[in-house]
Amino acid sequence: GFAAGVQAMVLDATFTDGEIADTRLGFGAADRPPFDLVGNELPRAPRLTINYSLSQSIPTPVGYFDWIVAAQTRTRHYMTVFNGEGREPDGDINPNLSDVVPGYTRLDAGAGWTHIDGKLRLEGFVSNLTDVAYMTTLINTPNLNIRFFNPPRQFGVRLSVFL
């Protein structure tokens, strides 16, 4: 049969109180000015996440054919509690301090065939079909700025044999 699905999550993960030292700027106490968290958002907490999919399974005399297209949309979010485009305490721009992850949509697709007895399956897939890139992890300390990103577009074929 044919199936369609949509799931949405709306999240308000805003700090209402709190202050921390900005540990991105230096190692000494004088190099770590206080940072007011009020109004900032928790790390990795987009306000809106939507997952959607379309799929179909088609029975035939030689087995079951199926396909799926699935996507996830996430709005802009931040990798740290500092929530910023990258400004020093004096207001100067410093891109190394940016922790913004712009909104994105990731698309995956797959199709397959399963033998009528269920003991053999052949499938093809494409992950990150549109090759969108987004930050997944950030390590940001004085003199260290390491950013990790999601895997690029990947595709392949799988053969499964069930004994």
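Residues numbered from 1 in each chain as written. Predicted model: local features only at pLDDT ≥ 70, side-chain atom pairs only at ≥ 80, totals over all residues. Heavy atoms only, no water.

A tally of regular secondary structure across the protein gives zero helices and 12 strands. The order of helices and strands in the protein, counted from the N terminus, is β-β-β-β-β-β-β-β-β-β-β-β. In summary, the protein has a C-alpha radius of gyration of 22 Å against a globular reference of 15 Å for 163 residues, an excess of more than 25%. C-alpha atoms of the protein, sized along the principal axes, occupy 75 × 30 × 25 Å. Expressed as a percentage of the 163 residues in the protein, the buried residues total 29%. In the protein, of all internal contacts separated by at least 6 residues, the share reaching a separation of at least 24 is 61%. (Helix = DSSP H or I, 4+ residues; strand = E, 2+ residues; numbered from the N terminus. Rg over C-alpha atoms; globule rule 2.2 N^0.38 Å. Buried < 20%, exposed > 50% of the residue type's maximum accessible area, 1.4 Å probe, protein only. Contact = heavy atoms within 4.5 Å.)

This brings us to the environment of Leu120. Relative to the assigned elements, Leu120 resides in strand β9 (residues 120–127). On the basis of relative accessible area, Leu120 is assigned to the partly exposed category, the value being 29%. In this structure, the C-alpha to C-alpha distance between Leu120 and Ser160, residues 40 residues apart in sequence, is 5.8 Å. Ignoring anything within four residues of it in the chain, the contact list for Leu120 reads Trp113, Thr114, His115, Leu159, Ser160, Val161 and Phe162.

Quick look at the packing of aromatic side chains now. A full pass over the atoms with the stated rule returns three aromatic pairs. Relative to Phe82, the ring of Phe35 has its centre 5.0 Å away and its plane inclined at 80°; by these criteria the two rings are edge-to-face. Note that Phe35 is positioned in strand β3 (residues 34–36) and Phe82 in the loop between β6 (77–78) and β7 (100–101), a separation of 47 residues in sequence. Judged on exposure class, the residue Phe35 and its partner Phe82 are both buried. With centroids separated by 3.8 Å and ring planes inclined at 5°, the aromatic side chains of Tyr104 and Tyr134 adopt a geometry described as stacked. (Phe/Tyr/Trp six-rings, centres within 6.5 Å; stacked < 30°, edge-to-face > 60°.)

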